[in-house]
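Here are the chains, one letter per residue:
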Amino acid sequence: MADAEAEQVLDGLRRQARKLVADLAGPVRRVRLRSGESVLEVEWHDPAAPAQRAAEPVEATPARAAEPAARAAPVIDRPAVRSPVVGTFYRAPEPGAMPFVAVGDMVRPGQVVGIVEAMKLMNEVTAGQAGRVVEVLVDDGKPVEYDQPLIALEPVTGQDW
Amino acid sequence: MADAEAEQVLDGLRRQARKLVADLAGPVRRVRLRSGESVLEVEWHDPAAPAQRAAEPVEATPARAAEPAARAAPVIDRPAVRSPVVGTFYRAPEPGAMPFVAVGDMVRPGQVVGIVEAMKLMNEVTAGQAGRVVEVLVDDGKPVEYDQPLIALEPVTGQDW
Amino acid sequence: MFDKVLIANRGEIALRVLRACRELGVRTVVVHSSADADSLPVRLADEAVRIGPAASRRSYLNAAAIVEAARQTGAQAVHPGYGFLSEDADFAEICAENGLVFVGPPPQVMSALADKSTARALMSRAGLPLPPGSVRTLPTVGEAQEVAADVGYPVIVKAAAGGGGRGMTVVRSAAELPRAYARTRAAAQVAFGDDRVYVERFLADARHVEVQVLCDSHGNGVHLGTRDCSVQRRHQKLIEEAPAPALRQATVDTVAEVALRGALSVGFTGAGTVEFLVDEAERCHFLEINCRIQVEHPVTEMVTGIDLVQEQLHVAYGTPLRLRQSDVRLHGVAIECRVNVEDPDRDFAPAPGRLDRFRPPGGPFTRVDTHGHAGYLVSPHYDSLLAKVAVWAPDRDAALDRLDRALAEFDVAGPGVRTTIPFARRVLRDPAFRAARHTTALVERLLTPPTDDAPPNGDAPPGDGAPGASPARGVVPDPRGATGPDGRTPVSAVPAAGPTTWRNR
Amino acid sequence: MFDKVLIANRGEIALRVLRACRELGVRTVVVHSSADADSLPVRLADEAVRIGPAASRRSYLNAAAIVEAARQTGAQAVHPGYGFLSEDADFAEICAENGLVFVGPPPQVMSALADKSTARALMSRAGLPLPPGSVRTLPTVGEAQEVAADVGYPVIVKAAAGGGGRGMTVVRSAAELPRAYARTRAAAQVAFGDDRVYVERFLADARHVEVQVLCDSHGNGVHLGTRDCSVQRRHQKLIEEAPAPALRQATVDTVAEVALRGALSVGFTGAGTVEFLVDEAERCHFLEINCRIQVEHPVTEMVTGIDLVQEQLHVAYGTPLRLRQSDVRLHGVAIECRVNVEDPDRDFAPAPGRLDRFRPPGGPFTRVDTHGHAGYLVSPHYDSLLAKVAVWAPDRDAALDRLDRALAEFDVAGPGVRTTIPFARRVLRDPAFRAARHTTALVERLLTPPTDDAPPNGDAPPGDGAPGASPARGVVPDPRGATGPDGRTPVSAVPAAGPTTWRNR
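Model, not experiment: these values are computed from the prediction.

Moving on, we get to the relation of the copies chain D and chain C. Rotating chain D by 180° and translating it 0.0 Å along the rotation axis places it on chain C, where the RMSD comes to 0.0 Å. In short, the pair behaves as if placed about a two-fold rotation axis. For chain D, the smallest separation between a C-alpha atom and the rotation axis is recorded for Arg367(D), amounting to 3.4 Å. Counting the interface residues of chain D, we find that 100% of their copies in chain C are interface residues as well, pointing to one common contact surface.

Neighbouring strands of a sheet are bound in pairs by backbone hydrogen bonds; such pairs are parallel or else antiparallel. Residue and element names in this part refer to chain D. Across the sheet, five strands lie side by side as E3-E2-E1-E4-E5; this open sheet has parallel pairing. Two strands bound the open sheet, and with one partner strand each, they are strand E3 (47-52) and strand E5 (101-102). Of the strand pairs in this sheet, strand E2 (residues 27-33) and E3 are connected by five bridges, and their pairing is parallel. Across the sheet, residue Ser 33 finds its bridge partner in E3, namely Gly 52.

It is worth spelling out the interface of chain D and chain C at this point. A common measure of how large an interface is: the accessible area buried when the components associate. Across the contact, 31 residues belong to chain D and 31 residues belong to chain C. Together, the buried faces of chain D and chain C total about 2,400 Å²; carbon and sulfur atoms form 58% of this surface. A salt bridge links Arg405(C) to Glu23(D), with the shortest nitrogen-to-oxygen separation between them at 2.7 Å. Joining chain D to chain C, the criterion identifies 10 residue pairs in polar contact (both at pLDDT 80 or more). Going through the elements one at a time, helix H1 (11-24), helix H2 (40-44), helix H10 (297-304), strand E18 (366-370) and helix H12 (396-408) of chain D are the ones with two or more residues in the side of chain D that touches chain C. Partitioning the side of chain D that touches chain C into residue classes produces 10 nonpolar, seven polar and 14 charged.

Right, let's get into the packing of helix H4 (residues 89-97) of chain D against helix H5 (residues 107-114) of chain D. Residues and elements named next belong to chain D. At a minimum axis separation of 8 Å, H4 and H5 run at an interaxial angle of 175°. The pairing of H4 with H5 is recorded here as roughly antiparallel in orientation. Where H4 abuts H5, its residues Ala 89, Ala 92 and Glu 93 lie against Pro 107, Met 110 and Ser 111. The class makeup of the residues in the contact of H4 with H5 is four nonpolar, one polar and one charged.

When their charged atoms lie close together, side chains carrying opposite charge are able to pair. With the rule as written, the count across this model stands at 91 salt bridges over all chains. Measuring nitrogen to oxygen at the nearest pair gives 3.2 Å for the salt bridge that ties Arg405(C) to Glu409(C). One end of the pair, Arg405(C), and the other, Glu409(C), are both in helix H12 (residues 396-409), four residues apart, so they sit about a helical turn from each other. Residue classification places Arg405(C) among the buried residues on the basis of a relative accessible area of 4%. A relative accessible area of 6% means that Glu409(C) is categorised as buried. Glu288(D) is the partner of Lys116(D) in a salt bridge, and the nearest nitrogen-oxygen pair spans 3.5 Å. One end of the pair, Lys116(D), is in helix H6 (residues 116-125); the other, Glu288(D), is in strand E13 (residues 284-290), and 172 residues separate them in sequence. The class of Glu288(D) is buried, set by a relative accessible area of 6%. Each of Arg16(C), Arg19(C), Glu23(C), Glu301(C), Asp307(C), Arg367(C), Asp369(C), Arg402(D), Arg405(D) and Glu409(D) takes part in one network of salt bridges that share partners.

All names here are of chain C. Within the element layout of this structure, Ala 256 appears in helix H9 (residues 249-265). Residue Ala 256 is classed as buried on the basis of its relative accessible area, which comes to 3%. C-alpha separation for the pair Ala 256 and Glu 87, spaced 169 residues apart in sequence, amounts to 23 Å. The residues touching Ala 256, leaving out its near neighbours within four places in the chain, are Val 211 and His 223.

Residue and element names in this part refer to chain C. For the pair helix H7 (residues 141-151) and helix H8 (residues 177-192), the least separation of the axes is 10 Å and the interaxial angle reads 120°. Comparing the axis directions of H7 and H8 gives the class oblique. Where H7 crosses over H8, the handedness of that crossing is right-handed. For the pair H7 and H8, the contacting residues are Val 141, Ala 144, Gln 145 and Ala 148 in the first and Leu 177, Pro 178 and Tyr 181 in the second. Of the residues that constitute the contact of H7 with H8, the class distribution is six nonpolar, one polar and no charged.

So, on to helix H13 (residues 421-429) of chain D. All names here are of chain D. Considered for burial, the residues of H13 that qualify are Ile 421, Phe 423, Ala 424, Val 427 and Leu 428. Projection of H13 onto a plane perpendicular to its axis shows the buried side chains occupying an angular sector of 160°, all on one side. Exposed and facing more than 90 degrees away from the buried side of H13 are Pro 422 and Arg 429.

Moving on to the sheet that holds strand E13 (residues 284-290) of chain C. All names here are of chain C. As summarised here, the arrangement of the eight strands in space is E13-E12-E9-E10-E11-E14-E19-E18, forming an open sheet in which the pairing is antiparallel. Edge positions in the sheet fall to E13 and strand E18 (366-370), since each has one partner strand and no second. Adjacent strand axes in the sheet meet at a mean angle of 25°, parallel and antiparallel pairs treated alike. Examined bridge by bridge, E18 and strand E19 (residues 385-393) share five bridges and lie antiparallel to one another. Paired with Val 368 across the bridge in E19 is Val 389. Across the sheet, helix H10 (residues 297-304) touches strand E9 (207-215), strand E10 (221-233), strand E11 (236-242), strand E14 (333-340), E18 and E19, and the angle it forms with E14 is around 155°.

For the rest of this paragraph, the subject is the pairing of strand E8 (residues 131-136) of chain B. Residue and element names in this part refer to chain B. Looking at chain direction, strand E5 (residues 106-107) and E8 are connected through two bridges and run antiparallel. Residue pairing for E8: Met 106 is matched across the bridge by Arg 132. The pairing of E8 with strand E10 (residues 149-155) spans five bridges and is antiparallel. The residue of E10 that forms the bridge with Val 133 is Leu 153.

This part is about the side chain of Asp194(D). Of note, Asp194(D) is situated in the loop between helix H8 (177-192) and strand E8 (197-201). Among the polar contacts made by the side chain of Asp194(D), one reaches the side chain of Arg196(D) at a distance of 2.9 Å.

Turning next to the confidence of the model for chain C. Residue and element names in this part refer to chain C. Scored by pLDDT, chain C has a mean of 89; 89% of the residues are at 70 or more. Counted against residues more than four places away or in other chains, residues 454-458, with its pLDDT under 50, gives nine contacts. Contacts from residues 460-505, a stretch scored under 50 in pLDDT, to residues over four places away or in other chains number 128 contacts. Prediction confidence for the complex, expressed as pTM and ipTM, is 0.82 and 0.77 respectively.

Scoring rules and cut-offs
- Throughout this description, residue numbers start from 1 for each chain and increase along the sequence as written.
- Chain letters and ligand numbers both follow the written order, the letters beginning at A and the numbers at 1.
- Local features in a predicted model are, by the rule used here, given only for residues with pLDDT of at least 70; side-chain atom pairs are given and counted only at 80 or more, and totals for whole chains, interfaces and linings are based on all residues.
- Think of the side-chain values as coming from all heavy atoms in the structure, minus any hydrogens and water.
- Here the copies are superposed with least squares, the fitted atoms being C-alpha atoms of residues at a pLDDT of at least 70 in both.
- Between two residues, a contact is recorded if the distance between any of their heavy atoms is within 4.5 Å.
- For two strands to be treated as a pair, DSSP must find no fewer than two bridges joining them.
- Secondary structure counts use DSSP, requiring at least four H or I residues in a row for a helix and at least two E residues in a row for a strand, with both numbered from the N terminus.
- Once two parts are put together, the accessible area they lose, assessed with a 1.4 Å probe and summed over both, is termed the buried area.
- The salt bridge criterion pairs a side-chain nitrogen of Lys or Arg with a carboxyl oxygen of Asp or Glu, the two atoms within 4 Å.
- Counted as a polar contact is a pair of N or O atoms within 3.5 Å, where, for protein atoms, one must be capable of donating a hydrogen and the other of accepting one, and residues adjacent in sequence contribute only when both atoms are in side chains.
- Classification used: nonpolar for Ala, Val, Leu, Ile, Met, Phe, Trp, Tyr, Cys and Pro, charged for Asp, Glu, Lys and Arg, polar for all others including Gly.
- To get an axis, a line is fitted to the C-alpha atoms, and for a helix only the part in contact is used. The angle between two axes follows their N-to-C directions and goes from 0 to 180 degrees.
- Roughly parallel here means an angle under 35 degrees, roughly antiparallel means over 145, roughly perpendicular means 65 to 115, and every remaining angle is called oblique.
- Burial classification: accessible surface area is computed with a 1.4 Å probe over protein chains only, and a residue below 20% of its type maximum counts as buried, one above 50% as exposed, and the rest as partly exposed.
- In this scheme the crossing of two helices becomes right-handed for a clockwise turn of the near helix relative to the far one and left-handed for an anticlockwise turn of less than a right angle.
- Think of it as the arc spanned by the lines of direction from the helix axis to the C-beta atoms.
- Residue-level confidence of the predictor is what pLDDT reports, using numbers from 0 through 100.

What follows is the structure, given as structure tokens:
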């Protein structure tokens, strides 16, 4: 089925999902909609579970119906190169040198896009996939956690990842 | 299947789901509707998670999806005369005498249908509404709690309660 | 020991009694209102009986229904917990008439101690120091004026039938007295059906110190040390600790001994609390004796290692005390914080609701007593006490740090739900409290914006904050006291009008 | 005291250390794997750093990442908890090299005690009684046969690098020895990269008794009494109590004194445990010294009133012990039950999953240490310990009743989730256990259908049930020991094959 068409169907499912959740007395745990080949499924955290921060007003729960769709964007459309280790992130091979990559650059899978220093060891950070650099998410010389997104990529169209 | 059509089907499913849930005595855990290619499924959080007895195997929970419908019957269709106090229920004014009411009898609002003895005091139990006695829920001389259903009534048709 | 005990209460104290029974191998019957049908005590009980609707007066205050439930289930004894019927001599009487053991002192002792002027007379005869004032009640304003002139202003006019800080009026000058006298009598008549009043010196800047006693039905008794409950708001205790800090050992010993002597002198049995006001000079003034287990009993349990509720049951069964005074040794310091569903920002208005999240603290030397759980609906029908967090440590500073740690990790949240946790943590940070220099004036001070003349550390009065609160307030019996865990009289005795009717719904 | 401490662990012990830090006013850094990103310790920490994926060997065993996280956050010390890197001398070394205080003994002490034959030699020199057998390791089967002949069968062949009950084989006759000797060496080589073994008499019917010691870096030390941990399944402790019951006071005093002497003789610092096997004649035989805080430390805290984790931090900071031996007084009895997500009906197979319901017990003298909460997903990646329930009472019977009460009200449920609570309650009802006549054979007896010759009360052997379990089993290092809270070696050291690989995922 063509992407566009699929998109429309999913759009429909999403609308239905939002209406549905709005109609129902919450807290809903899971919603699953299927139309032919297309399936939409949303599952919420247990509102009773401490998973939510105290700050987060529980009243908001129903409102979150729309969230998944919204949130989906960055997660699905914007992959990122992540830190392989805890350490300090460097954009360039050495102080003053040119950064490995800048916004707009195209990167190949395996290309070095930065360095994370840990215990005086320099760990090269390599792109796992091809794409265009849309944002550098961490400043040069800043501490990073394991698996922290460092560089946001825009996948190359048609590229399957 | 065309998107519009699919949407309509899902729209239908959604309306059905809402009605269904409205009809059922909660708490519903899961609803699943399917029409041809289209599927709608909703799952709720267990509202009274801790309310379940420890004994109650959690595996059984999904099975309860059907329960509400089943339970609905007595709750919705069958009003009952309830005990006004904790005490001992008697069907007749004195031992050996005729019971106040028997299955099949019609009762008027305010009619005495039994006695609950508490602290040697005889408390008359009166029907709050008109109806036909369909079942006597407690045996003669048995202890009853406050608000315990004693006699199940079938409301007189047309009678609004 | 009993085979089966009926628990005539709800919430955390019902659970507390149930736990004691379990550990003693005693079967439990929990009676409950429709509102509590799914509560934790009901779920954990061996048997549960629904005795009435949500309204206390038709359920937890319904003596007939409770006795009937005991009869049905074959319970041999009734534990009343605190509040509700726990200090109702008539209920104790009814239990006796129906062959049920009431877990508490004999009815005649309860009624004698419930009448404050009688209690004062009995205790002064037993050698307990009273605040300067009249022992007998004062039927005319003239007599009241005489006594007031004698002891000097400010004085406090108290209803004989009052107690728990209810039915009292502070009077600062002779001019105020006649009106205050009249209003207190009128209010007392409404609240207690008894308008007898007496007058005593008003102690502006004092500590609330109480002694836990335990007496059997064979004339034996021990005291289990002191508690300080000076952190109060309108006579409602918020934080309690054992032993009472910053008192001379001599003071502590004396007050404990006279308290026990007083209790034994009137044939008291079971677990009781003798309350005193202790002034700057550490002079102790008898206030009243409570005949029930108290909300704050855990701190005494933690410093003595003695399970007070189990001991109540042993005594009620007729077992002689297993303890001699020499067996009672105090270790370290215990502090308890009451967690109420109230909004300190809205004058501690009740803030009940469904608990979406509920994760009490745990870990070393931390005890939690609560009927709450994730998903629990805190009912607006009853007292707002949701949990008690108590900690133990070798010394007071460590205990305060531990309590703050525990409160910080207590996760309670739900739509409309507020708790007193943040306010309690404010108290824990207060320099006067940390130094144990605080008095009953502490909370009012924290709640009133600081003024230049207000002392930064310590609670030398704005006497306004001291027991009796403001005259205006004092004259209306504080309904909090009525349904509060420490309340002495039934809800139904509270005028069901004004902003507090929610409690009587 | 330190300003900031990094906690290099997870689960309940991470929370335990965090609480101690909070109470001391120390800021906390919790490092965690991706699987624990939303765990309670992470949420309650002042700072959290993700150091690796779920697999322990790349996160909680990743020394470089942990030290880097400490550097980033400016933590001054690292508390390793138990298991994982807690007894890894190399890690302690790395910490020192990077200017971090490792909360534990000096590296050289750790490595000396980690080698069981070295530890045995050191302790016997310090006057601790060893089980009859070889002090040095035995490079040839011939020497093994000589020693075995000397001490008499059954004997147990133990890997020098083993410990925590891992890497040992019970041998019942001379005929079995050669094969068992060879297999133990082979298995030890695989598990520890060290195939040295020694032989000692196998004590079939004994109690596991251990002594808690606390030593500072100035040569001072105290012992904090004994614990009995005889309720074990394949060397995994299920129920622990303090003090060790039914031993002569003389035995208790002796074992405590020699334990402390042994620890001080090797320059031990911090909180340590000296383990013994005590036979029917109450002869004590040294097993090993553990250099970490132990899972069962709460029972010692409850009978002494001493916060062991706080003391660890004081000692690590260099503060001289604030306690003299005379300050350590034991009160009453404390018993702890480990609640593991395991299915006793399926040979204690791990049964993790999402916790739909989680309501731990509370009330008098009841302590719960847990990282669990409603909605928590128990990860299959780590040890199955979910909670520890510990209670205190004046005497053992009351403590057992209290523990049973507490376990009965513990509500844990979720799809696929099973716990050891029902089995633990079975143990509590066992007559031999109630009479404190049980040995390490108890659990195996409860798990094997009763036979006529099996004694009804008491655990006189089917020796099969005693330490070392069956030869077949003993020869494979028990992986439970490896990742278990008491495990001494990294997960990665366990052959990642067989039914237990789930632990290494």
